[in-house]
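Report on the structure
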Amino acid sequence: MDSFELNKIAGTVLGVALVVMGLNMLGGIVVNPSKPKVPGYELPGGEVAAAPAAGPAAAADTPIDERMKVADAGRGERAVGACKACHSFENGGANKVGPNLWKVVDGPKAHVDGFGYSAALKERKAKGEKWGAAELDGFLKNPKAYLAGTTMGFAGIARPDQRADIVAYLASLK
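Here's what I pulled together on the structure shown here. Predicted model only: the values in this text are computed from it and were never measured. (Residues numbered from 1 in each chain as written. Predicted model: local features only at pLDDT ≥ 70, side-chain atom pairs only at ≥ 80, totals over all residues. Heavy atoms only, no water.)

1. A few points about the overall build of the protein
Each helix and strand in the protein was counted, giving eight helices and zero strands. Shown N-terminal to C-terminal, the secondary structure of the protein runs as helices and strands in the order α-α-α-α-α-α-α-α. Among the 174 residues that make up the protein, the fraction classed as buried is 29%. Considering only contacts within the protein whose residues lie at least 6 apart along the sequence, 49% involve residues at least 24 apart. Working note: accessible area of the protein is about 11500 Å², and carbon and sulfur atoms make up 62% of it. (Helix = DSSP H or I, 4+ residues; strand = E, 2+ residues; numbered from the N terminus. Buried < 20%, exposed > 50% of the residue type's maximum accessible area, 1.4 Å probe, protein only. Contact = heavy atoms within 4.5 Å. Areas by Shrake-Rupley, 256 points an atom, 1.4 Å probe, with all protein chains shown as cover.)

Now the structure itself:
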C-alpha cells in the first residue's frame, strides 16, 4: 500500500468525522432542547392540583375543627386514591407497605399489632398518643415535619380542605 492510498483512507475518515460534527451542529441549531431546572422525572403524588373553594389563605388559617364542619367523607374517599397504593382501608384488610387504616381515627398511634412501624411512631404509641383530627391533619400536611424519623415516604397534602375531607373519610371507617 503506497502513501496515496493511506492519504485517501485518512481523508475519508476525516471527511466522515467532519460531516458527523456538521450534522450535530446543524441538529443543535434546528432542534433547541430546553433543559429542566431540576434533572430527573417528577413522580405523580397524591396531591390534586385544583384550587380550594374558599381560597388557600382562608383555609390555611382555619382550624381543623372548623374545616371538619364542612368536610365531606365522599370527597375524602376519592382523595385517598393515591394512598391505596400503600394502605388498605377495609375492615380486616391486609397491611401493605403501610398499615391498614381501619379505625385509625381516635385510635392509638401505631395501632396495627405486628406492623413494622418506625421507632418514632412506636415511641409515640408508648406515650399513649392517639390519632385525633388535629394530629392526622398535621401528619397529612407534612409527615416528615410532623413526625421526625417516620418512614412514610409521602410529601404531604398542601390543601387544608382536602386534608379535612380525608380525615372525615378516615373517621367514617369504624
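Next, the rest of the story.
2. Concerning the environment of A164
Along the polypeptide, A164 turns up in helix 8 (residues 160–171). Judged by relative accessible area, A164 falls into the buried class, the value being 1%. In this structure the C-alpha to C-alpha distance between A164 and E66, which are 98 residues apart in sequence, comes to 9.3 Å. For A164, the contacting residues outside a window of four places in its chain are I64, R67, M68 and A71.

3. Points about the packing of aromatic side chains
Inspection of every chain in the model, using the stated rule, returns five aromatic pairs. Ring pairing ties together the aromatic residues W131, F139 and Y146, which thus form one cluster. Cation over ring: K109 sits above W131, and NZ or CZ is 4.6 Å from the ring centre. Across the ring face of Y146, the terminal group of R124 is positioned such that the distance to the ring centre comes to 5.7 Å. (Phe/Tyr/Trp six-rings, centres within 6.5 Å; stacked < 30°, edge-to-face > 60°. Lys NZ or Arg CZ within 6 Å of the ring centre and 35° of its normal.)

4. Here's the deal with helix 1 (residues 3–30)
For helix 1, spanning 28 residues, the distance from its first C-alpha to its last is 40 Å, which sits close to the expected 40 Å at 1.5 Å a residue. Burial analysis of helix 1 places just zero of its 28 residues in the buried class, a small minority of the element. (Expected span 1.5 Å × (residues − 1).)

5. Overview of helix 8
Look at helix 8: 16 Å from first C-alpha to last across twelve residues, which is about the 16 Å you get at 1.5 Å a residue. Most of helix 8 is tucked away, with ten of its twelve residues classed as buried. Buried within helix 8 we find P160, Q162, R163, A164, D165, I166, V167, A168, Y169 and L170.

6. Focus on the environment of Y169
Turning to its location among the elements, Y169 is positioned in helix 8. Accessibility expressed as a relative area gives 8% for Y169, which makes it buried. For the pair formed by Y169 and A71, sequence separation is 98 residues and the distance between their alpha carbons is 8.8 Å. Not counting the four nearest positions on each side in its chain, Y169 is found in contact with A73, G76, E77, V80 and F89.

This is a description of form; function is not addressed.
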